[in-house]
Amino acid sequence: MPRSRPASTALQRGDTGNPLIPINRDDLLSLFEKPPSEFPFAAQLGDPPVSFVIKSDFTDRIVTTVLAVFWLLFGTAVIYMLVHETIGTEPAWQETANWAAIGLCLAYIGAALAYFTPAVLENFRTVAVTITEHEVAVSVATPISRISWRDPLTVYEGVANLNLGMHDLGDEKVVVGSVVLKHPDPARSIPVVIREQQRIGKNTVRKVAQHFQLPVLEGVGDESGQAAYPDGTLVVNKWQSLKVRLVYWAMILVFALLAILVVRQVATGAEGPGSLLWLPLFAGLIGLMQVFGSCYVTAMREWQGDIWIRTAAIQFREYKIAPKRVHGIKRFEGGSRGATTSTQPRTPWIKLSVRGHLLPFVIDLQADYVNENGIYKLTKS
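Everything numeric here is computed off the predicted structure, so don't read it as measured data.

Caption draft 1: Quick peek at the overall build of the protein chain. Secondary structure assignment for the protein chain yields six helices and 16 strands. In the protein chain, which comprises 381 residues, the proportion classed as buried is 41%. Across the protein chain, contacts joining residues at least 24 apart in sequence account for 60% of those joining residues at least 6 apart. As displayed, the protein chain offers around 20,100 Å² of accessible surface, 60% of which is attributable to carbon and sulfur atoms.

What follows is the structure, given as structure tokens:
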């Protein structure tokens, strides 16, 4: 006989008045939000206890660590050399240059560690789960910590289908989804199935729910997986947009240091006035990056009959657009012409043309979440 459980809870969050602020699934994430080493993953749901282990692919661990070390060393070396090239060429300024270089390098190292450490630890994390008829036991181990907990199975609210966004799988990019036992504390939600989102249907969710005698949460199993977001969510882009802004500000820093170096060399006669031509060229590149940022979509949602778009300009800018103004949507694969399928770097994106806007909006399909079918339907609304 099924055990008594609390009422099913919907996945959708309430609105707060701004259609783009609620676009956040942080309160719905489970233990893993990326493809594990065993992919597609599905726990063997036989007689209790059900035991399984989830960990990252070994290649992902190596690549992430190597990239983190490279940028840590390369960025520190570049900053140190630029500071000495700009203000440390004169003997009187060498001590000042040393202290300035040390300060900037330490600040960069701190920022790099804060950025890369979570990703490295995520790739070295191993999760061991055991589910009995009445209890869930979990052990999470990383290189620097080990956490264990136990919870009664009755604490879990139900079974949910979460969209984990687009991920690299070899030479392909696919949207990955997960079927989880949803806990009131999102850090304790347990993934039972992790595979391509389009292959997770209502039957999969229903079977998992029946096995553990848990309710099926509302809105699960749809082809877009948008049930993990507020109604009408079309795009959620956090990490890719952060990279765009980091590149922009890195260009600003390099330009400032380059300007100091060139002006000093021209003033001292070490270089001719022609060296100053580099400055407007570099400033032009920064201007182009700013234009791109003003078109690069970081959040997009249909709300109360309008389309709201936020872009990755220096300061976030939001646009309120009537659906009838959308007159063109085109998908691009982003690969190099003539490249083979196995070597072609794919960065797919969508061009969204809107009447009244000179430049189209750019929707990166590598974003955290993209409801691609919902975007295509905008031209039919």
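Caption draft 2: Representation of the environment of W308 within the structure. Checked against the element boundaries, W308 lands in strand β11 (residues 306–311). The buried category is assigned to W308, whose relative accessible area is 17%. Linking W308 and Y319, residues 11 residues apart in sequence, is a C-alpha distance of 5.6 Å.

Caption draft 3: Layout of the packing of aromatic side chains. Following the criterion strictly, the structure yields 10 aromatic pairs and no others. Judged by centre distance (5.5 Å) and plane angle (55°), the ring pair of F41 and F52 falls under tilted. Linking F41 in strand β1 (residues 41–42) with F52 in strand β2 (residues 50–55), this pair joins segments that are 11 residues apart in sequence. Judged by centre distance (6.1 Å) and plane angle (15°), the rings of F255 and F282 are stacked. In this pair, F255 is assigned in helix α4 (residues 239–267) and F282 in helix α5 (residues 278–295), connecting sequence segments 27 residues apart.

Caption draft 4: Molecular detail of the side chain of S178. With respect to the helices, strands and loops of the structure, S178 is situated in strand β7 (residues 172–182). Within polar-contact distance, the side chain of S178 engages the backbone oxygen of V193 at 3.2 Å. Once residues lying within four places of it in the same chain are set aside, the contact partners of S178 are A160, N161, L162, L164, P191, V193, I194, Q197 and I200.

Caption draft 5: Main features of the nonpolar core. With 35 residues, the main nonpolar core has F52, I131, V138, L181 and I190 as its most contacted residues. Mapped by element, the contributors of at least two residues to this core are β2, β3 (126–131), β4 (135–142), β6 (158–169), β7, β8 (190–196) and α3 (202–212). Apart from the residues within four sequence positions on either side, I131 is in contact with P48, P49, V50, F52, V136, L153, L181 and F212. If you look at the next biggest cluster of nonpolar residues, it comprises 20 residues, including I321, I350, V354 and V370.

Quick notes on the rules
Going along each chain's sequence as written, the residues are numbered from 1 onward. Local features in a predicted model are, by the rule used here, given only for residues with pLDDT of at least 70; side-chain atom pairs are given and counted only at 80 or more, and totals for whole chains, interfaces and linings are based on all residues. Note that the side-chain values use all heavy atoms of the structure and ignore hydrogens as well as water. Runs of E in the DSSP output that reach at least two residues are strands. Runs of H or I that reach at least four are helices, and both are numbered from the N terminus. Between buried and exposed lies partly exposed: a residue is buried under 20% and exposed over 50% of the maximum accessible area for its type, with that area taken using a 1.4 Å probe on protein chains only. Any two residues having at least one pair of non-hydrogen atoms within 4.5 Å are treated as being in contact. For every accessible area listed, the method is Shrake-Rupley and the probe measures 1.4 Å; residues are considered covered only by the protein chains on display. The aromatic pairing rule takes the rings of Phe, Tyr and Trp, using the six-membered ring of Trp, and pairs them if the centres are within 6.5 Å, calling planes under 30 degrees apart stacked, those over 60 edge-to-face and the rest tilted. Whenever a nitrogen or oxygen atom comes within 3.5 Å of another N or O atom, the pair is scored as a polar contact, on the condition that within protein one atom can donate a hydrogen and the other can accept it, and that pairs from neighbouring residues in sequence are kept only if both atoms are in side chains. Here, the term nonpolar core denotes a set of buried Ala, Val, Leu, Ile, Met, Phe, Trp, Tyr and Cys residues that are joined through side-chain atoms within 4.5 Å.

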